[in-house]
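Remarks on the overall topology
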Amino acid sequence: MGIVTPGFGLIFWTTLTFFILLFLLAKFAWKPILKAVQDREEAINSALKAAEAAKAEMASLQSNNEQLLKEAREEREAMLKEARAMRDKTIADAKGAASEEAAKVLEAARAQIHNEKMAAMTEVKNQVAQLAIDMSERILRAELKDAEAQKAMVDRAMQDVKMN
Amino acid sequence: MSNTRTYLTGLFLAISSSLFASSAEAEVHETLIHEEEKEAAFNPAEVIMHHIADSHGWHLFDWNDHPVSIPLPVILYTEKGLVVFSSSKFHHDAEGHHVVEAGGQRFVNIHEKIYYASDVANEHGAFAEMDHETHEVSNASPWDISITKNVAALLFSAFVILMLFLPAARSYKKNPGVAPTGVAGFVEPLVVFVRDDIAKNNIGPHYKRFVPMLLTMFFFIWINNLLGLVPFFPGGANVTGNIAVTMVLAVVTFVVTNVNGNKHYWGHIFWMPGLPVAVKPLLAIVEFIGIFTKPFSLMIRLFANITAGHIIVLSLVSLVFIFETVWVSPASVLLTLFISVLELLVAALQAYIFTLLTALYIGAAMHEEHH
């Protein structure tokens, strides 16, 4: 029976010891330990959350960058296109203007050539006529240097008139 | 496999040699026993029960048939006030033969209980009146709040616990916000285990204010269990295998559980909802008894487990004295080692179970209705 009968002294001392231990540990051990553990857990959790947020921000930044890059690329593309079009247009314009000018110059040249040619022709005609007149004058002079020749000549002319 | 074989061979060897030895020496031995006092014969039950029970004075060993023990203060609250004297004044007597006079009163120690001594000795030489049939002492006894062996062991383990956790707490204060180092690294997983797996899981949302109590309970039981397994001073006392100690712990559980019991809890005890009215009073009786049986089972479980462990270890150690041969010692040592390792597990397990069930009872008492 001895071992299953609780002794008063041991109950007294156990109660006292247990509660003193509870008080001391709760105040000086459990409180700081639990607080430190909880603080650390919170710190870890917040650090993890911050890391997650940073990651998300990074991802959004990256997608932003990509967007920007894409926009820039598009803009560049557009600018290039515009430049190319402008160049083509300029070239085309220049070509058109040049050919027109050339045609104009050609036309003018042609007209001038024509004029020159006409003038030259007239000149040549005039000279030929002069030459012909001179020649005929000389021939006439030669042929009509004596009276006999002149007489013959008139005769012949008379003959022709008569025939008519 | 090989372990089992070694152990079996050792056991066989031990038993056979002991039988052989005892048969060879049987004649010499018998005459010796007859010549010697009967008390000289080894009685393992007596030794074990003496160890299991509490005592004034901490017995260390016997030297030349004379017990050597550490004297402890005997503190008595008598009819004439507090009386304090050393347990050595009893001269290792626990049979009531030796009367100690202190504070103008006379005391005897009968089986480690202090009584007011009778004026004359009875036929057994004890200064007490004994009932002839029940062998119970009829003398009055003072309130005994002595520092017994168990109390001393209890104080020592409290000291060990403080020396374990106060430095740990200090290391947290010293280096806040870093990974735990040293003793804190050892302590933290256990503290977190008690907080999360025992308190949070079983009590529910309001677990926080019970954590210090559960932590204290867990480590108090565990450290005392472990110190009880240390075979020499200042360990080896059967503190958590003493019903007074487990009773105090169980009472703490009882009080905390019922003080925190909500309307829902008491409603389920005295007027169980959803049952025919005729059954309700019957169930109320059962449930009311259940309030007491739960902590009672805690008290018995811890007491029985730890006491049983001590009894087994001592029985195995006693084998060598029971068989009266040293050849049984391999088996004795191996079995003791095996049981000691098992007890190491039991020490932690019982601390866990006690704390877990306490948390479970508190959780049940604070459980909110979900209908």
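Residues numbered from 1 in each chain as written. Chains lettered and ligands numbered in written order. Predicted model: local features only at pLDDT ≥ 70, side-chain atom pairs only at ≥ 80, totals over all residues. Heavy atoms only, no water.

We now examine the overall build of chain B. Secondary structure summary: chain B contains 9 helices and 8 strands in total. Considering only residue pairs separated by 6 or more positions, chain B has 60% of its internal contacts joining residues 24 or more positions apart. (Helix = DSSP H or I, 4+ residues; strand = E, 2+ residues; numbered from the N terminus. Contact = heavy atoms within 4.5 Å.)

A separate point is helix H2 (residues 44-52) of chain B. Residues and elements named next belong to chain B. Taken residue by residue, H2 has Ile48, His51 and Ile52 as its buried positions. Projection of H2 onto a plane perpendicular to its axis shows the buried side chains occupying an angular sector of 100°, all on one side. N-cap assignment for H2: the residue whose side-chain oxygen lies 3.3 Å from the backbone N of Ala45 is Asn43. (Buried < 20%, exposed > 50% of the residue type's maximum accessible area, 1.4 Å probe, protein only. Arc of directions from axis to C-beta. Polar contact = N/O pair within 3.5 Å; in protein donor to acceptor, adjacent residues only side chain to side chain.)

The subject of this paragraph is the environment of Glu116 of chain A. Residue and element names in this part refer to chain A. Mapped onto the elements of the fold, Glu116 is located in helix H1 (residues 8-143). Residue Glu116 is classed as exposed on the basis of its relative accessible area of 52%. Considering only alpha carbons, one finds Glu116 and Ala149, 33 residues apart in sequence, at a separation of 45 Å.

Here we come to the interface of chain A and chain B. Taken together, the contact pairs 32 residues of chain A with 48 residues of chain B. Summing both partners gives a buried area of about 3400 Å² for chain A against chain B, and 84% of it is carried by carbon and sulfur. At the surface where chain A touches chain B, the tally comes to 2 salt bridges. A salt bridge links Glu188 of chain B to Arg40 of chain A; the shortest N-O distance between them is 2.6 Å. Taken together, the links from chain A to chain B amount to 7 residue pairs in polar contact (both at pLDDT 80 or more). Split into classes, the residues belonging to the side of chain A that touches chain B amount to 23 nonpolar, 7 polar and 2 charged. (Buried area = accessible area lost by both parts, 1.4 Å probe. Salt bridge = Lys/Arg side-chain N within 4 Å of Asp/Glu carboxyl O. Nonpolar A, V, L, I, M, F, W, Y, C, P; charged D, E, K, R; others polar.)

This part covers the sheet that holds strand S6 (residues 105-110) of chain B. Residue and element names in this part refer to chain B. Taken together, 3 strands build an open sheet; the order of strands is S5-S6-S7 and the sheet is antiparallel. Unpaired on one side and paired on the other, strand S5 (100-102) and strand S7 (113-116) mark the two borders of the sheet. Averaged over neighbouring strand pairs, the angle between their axes works out to 35° when direction is ignored. Looking at chain direction, S6 and S7 are connected through 4 bridges and run antiparallel. Within S7, the position partnered with Val108 by the bridge is Tyr115. (Pairing = 2+ DSSP bridges. Axes fitted to C-alpha atoms, helices over the stretch in contact; angles between N-to-C directions.)

All right, on to the packing of helix H4 (residues 183-203) of chain B against helix H9 (residues 329-365) of chain B then. All names here are of chain B. Two numbers describe how H4 lies on H9: the axes approach to 7 Å, and their chain directions differ by 30°. Where H4 crosses over H9, the two elements pack in a sense that is right-handed. Seen from H4, the contacting residues are Phe193, Asp197, Ile198, Asn202 and Ile203; seen from H9, they are Tyr352, Thr355, Leu356, Ala359, Leu360, Ile362 and Gly363. Here the residues of the contact of H4 with H9 are counted per class, giving 8 nonpolar, 3 polar and 1 charged. (Left-handed = near helix turned anticlockwise from the far one by under 90°.)

Time to look at the pairing of strand S4 (residues 81-86) of chain B. Residues and elements named next belong to chain B. Bridging between strand S3 (residues 73-78) and S4 involves 6 bridges; their strand directions are antiparallel. Bridge pairing in S4 links Leu76 to Val83. Connecting the antiparallel pair S3 and S4 is a turn made up of 2 residues.

Taking 1.5 Å as the rise per residue, helix H5 (residues 211-229) of chain B with 19 residues should run 27 Å; its terminal C-alpha atoms sit 27 Å apart, in good agreement. Most of H5 of chain B is tucked away, with 17 of its 19 residues classed as buried. (Expected span 1.5 Å × (residues − 1).)

In this section: a negative patch on the surface. Residue and element names in this part refer to chain A. Taken together, the side chains of Glu71, Glu74, Glu75 and Glu77 define an acidic patch exposed on the protein surface. In this structure, Glu71 sits in helix H1. Taking the relative accessible area as the measure of exposure, Glu71 reaches 41% and is therefore partly exposed. (Patch = residues over 30% accessible without salt bridge, like charges linked within 9 Å, V, L, I, M, F, W, Y side chains within 5 Å. Areas by Shrake-Rupley, 256 points an atom, 1.4 Å probe, with all protein chains shown as cover. Lys, Arg positive; Asp, Glu negative; His and termini not counted. Charge placed at Lys NZ, Arg CZ, Asp CG, Glu CD.)

Residues and elements named next belong to chain B. The topology assignment puts Thr78 in strand S3. Accessibility expressed as a relative area gives 5% for Thr78, which makes it buried. Within polar-contact distance, the side chain of Thr78 engages the backbone nitrogen of Lys80 at 3.1 Å. Beyond its immediate chain neighbours, meaning those up to four positions away, Thr78 contacts Val83, Gln105, Phe107, Tyr116 and Pro142.

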